Amino acid sequence: MNRKKLQKLTDTLTKNCRHFNTYEVNCLVSLFYTLVGDVAERPGAVIGLDRNAFRNILHMTFGMTDDMIMDRDCFEVFDLNGDGFISKEEMFHMLKNSLLKQPSEEDPDEGIKDLVEITLKKMDHDHDGKLSFADYEQAVREETLLLEAFGPCLPDPKSQMEFEAQVFKDPHEFNYDM
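These numbers were taken from a predicted model, which means no experiment stands behind them.

This part takes up the side chain of D79. Locating D79 in the fold gives a position in the loop between α4 (75-78) and β1 (85-86). Classification of D79 as buried rests on a relative accessible area of 7%. With residues up to four places along the chain from it excluded, the contact list for D79 reads G84, F85, I86 and E90.

What follows is about the layout of surface pockets. For the largest pocket, the calculated volume is near 450 Å³. Together, 19 residues line the largest pocket, and L28, L31, L35, F62 and F163 are the ones closest to its centre. Elements represented by at least two residues in the lining of the largest pocket include exactly α1 (3-15), α2 (22-36), α3 (51-62) and α8 (157-167). When residues in the lining of the largest pocket are grouped by element, the largest group, six residues, is from α2. Of the residues in the lining of the largest pocket, the class split is 17 nonpolar, one polar and one charged.

This brings us to the side chain of E90. Locating E90 in the fold gives a position in helix α5 (residues 88-95). Buried E90, no salt bridge; nearest opposite-charge side chain is K130, N-O distance 9.3 Å. A distance of 2.9 Å separates a polar atom in the side chain of E90 from the backbone nitrogen of N81. If we skip the residues at most four places from it in the chain, E90 touches F78, D79, L80, N81 and F85.

What follows covers the pattern of salt bridges. Scanning the model with the defined rule gives four salt bridges in all. We note a salt bridge from E162 to K158, for which the minimum N-O separation is 3.0 Å. With E162 and K158 both in helix α8 and four residues apart, this pair spans about one turn of that helix. A relative accessible area of 29% places E162 in the partly exposed class. Taking the relative accessible area as the measure of exposure, K158 reaches 58% and is therefore exposed.

Reading the values: rules and limits
- Along each chain, residue indices are assigned from 1 in the same order as the chain's sequence is written.
- Predicted model: local features are reported for residues with pLDDT of at least 70 only, side-chain atom pairs are reported and counted for 80 or more only, and whole-chain, interface and lining totals are derived from all residues.
- Only hydrogens and water are set aside when side-chain values are computed; all heavy atoms of the structure are taken into account.
- The way it works is that DSSP assigns letters per residue, a run of H or I at least four long becomes a helix, a run of E at least two long becomes a strand, and they are numbered from the N terminus.
- Three exposure classes are used, based on accessible area relative to the maximum for each residue type with a 1.4 Å probe and protein chains only: buried under 20%, partly exposed in between, and exposed over 50%.
- Contact definition: two residues touch when any of their heavy atoms are within 4.5 Å.
- For each structure, a 1 Å grid was placed over the protein atoms alone; sets of points admitting a 1.4 Å probe that cannot get out are labelled cavities, open sets with protein on both sides within 12 Å along at least five of seven lines are labelled pockets, and lining residues have an atom within 4 Å of a point.
- Grid points are joined across faces, edges and corners, and a volume is the space filled by probe spheres set on the points.
- Under the scheme applied here, ten amino acids are nonpolar (Ala, Val, Leu, Ile, Met, Phe, Trp, Tyr, Cys and Pro), four are charged (Asp, Glu, Lys and Arg), and all others, including Gly, are polar.
- Residues counted as positive are Lys and Arg, residues counted as negative are Asp and Glu, and His and the chain ends are not counted.
- By definition here, a salt bridge exists when the distance from a side-chain nitrogen of Lys or Arg to a carboxyl oxygen of Asp or Glu is within 4 Å.
- Distance and chemistry together define a polar contact, namely a pair of N or O atoms within 3.5 Å, with one atom able to donate a hydrogen and the other to accept it when in protein, and with adjacent residues in sequence counting only for side-chain atoms on both sides.

Structure follows, in structure tokens:
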């Protein structure tokens, strides 16, 4: 992409962007065109990464494994059986390692069951005893910390910082092997 087109695209995107400055937008656009290659210069060509290339970048750059890479937000990572809901049993399974088990406790699973009930009270907006995507989305919009309520589904902060350092240094020298 020539410099004039890059500047025009950067200016257009920066006008509507609150989270990135002009330099960062320019780096991200340059990185995008570096990743998609010369296909972006062909008239009428569909510009973008195919699913496998995108998954590879997420894996190599952020160390995200297949179970962490999401097709429809983090929700699908937590919907263990793929039925479109996060059930009490799925919550229990994901939260069972989140509490330290005390040797004096009679039933160590009671604390986890209580945690599941607290989670449902906070996130189950339609009160059907399980989380639908709508429940999850509404809860996360109200409290963003709930995005990873049941465990990690996004890159860790170290990987994020390495990515930013790499991309905002020189997007043409992007290293997939971080």
